[in-house]
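Residues per chain are reported as follows:
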Amino acid sequence: KWSSNLQCKLGKIPFKYLGATIGSSPLSTKFWEPLIDRFKQKINSYESSKISLAGRAILLQAAIDSTPSYWLSLYKIPATVLQIIERLRRNFLWGEEAHCKRKLHLINWDKICSHKLEGGLGLTSIKDRNISLLAKWWWRAYSERGTFWNNLFSSCYGPEWNFNPSNLPSNRCSPIVRSFLSIK
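Residues numbered from 1 in each chain as written. Predicted model: local features only at pLDDT ≥ 70, side-chain atom pairs only at ≥ 80, totals over all residues. Heavy atoms only, no water.

Undergrad: Give me the lowdown on the overall build of the protein, citing residues and values where you can.
TA: Looking only at helices and strands, the protein features 10 helices and two strands. From first element to last, N terminus to C terminus, the protein shows the α and β order α-β-β-α-α-α-α-α-α-α-α-α. Overall, the C-alpha framework of the protein stretches about 55 × 40 × 25 Å when taken along its three principal axes. Residues classed as buried in the protein amount to 39% of the 184 residues present. Put simply, 59% of the contacts in the protein that link residues at least 6 apart link residues at least 24 apart. Accessible surface, the protein as shown: approximately 11,100 Å² in total, 58% of it carbon and sulfur. (Helix = DSSP H or I, 4+ residues; strand = E, 2+ residues; numbered from the N terminus. Buried < 20%, exposed > 50% of the residue type's maximum accessible area, 1.4 Å probe, protein only. Contact = heavy atoms within 4.5 Å. Areas by Shrake-Rupley, 256 points an atom, 1.4 Å probe, with all protein chains shown as cover.)

Quick look at the structure:
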């Protein structure tokens, strides 16, 4: 049905698009392994022990945290993957490296992720960013009614898409739509 609406050829599923595997289950940890590996690769490209705490915080905000944005805008991140990525971020911030013993984390991670005016470093929680990016689809579903993508979804899911997507039966929805429906 999607191919006729998009007027394109059918391909083989699963396939990769912007590093994410389309067509496999985003509920499995295996689905998220390429993202975790990319995150590790980015973190390991810096020698955190030779960078100040302020420098590591800026690198987290500017370079490292942008890595999962595409994935987080499409899929709800499972708790196990969230824990892995947050641990990598914490360890990088505190200057831990794989070959060194564990360092003492001086401040609670929730405090670190709070706003600067509240005493934090202004880092964003991955979970909060995931919910925000998925919530954007809700906003777009209601505010961009006449756009191509909204018309495409309406043709695939019926008129319910335009009135109340939360009433769509999840067994009829793609993993991407199920992800944004899960944050109601």
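From this point, the discussion proceeds with the structure in view.
Undergrad: Let's hear about the environment of Trp149: which residues, and what values?
TA: With respect to the helices and strands, Trp149 occurs in helix H8 (residues 148–157). It is 25 Å that separates the C-alpha atoms of Trp149 and Phe31, two residues lying 118 residues apart in sequence. Not counting chain neighbours up to four residues away, the residues in contact with Trp149 comprise Trp137, Arg140, Ala141, Glu144 and Trp161.

Undergrad: Any details on helix H3 (residues 53–64)? Residues and values, ideally.
TA: For H3, every residue scored as buried is listed here: Arg56, Ala57, Leu59, Leu60, Ala63 and Ile64. Looking at the packing, one finds that the buried side of H3 touches helix H2 (29–44) and helix H5 (79–93).

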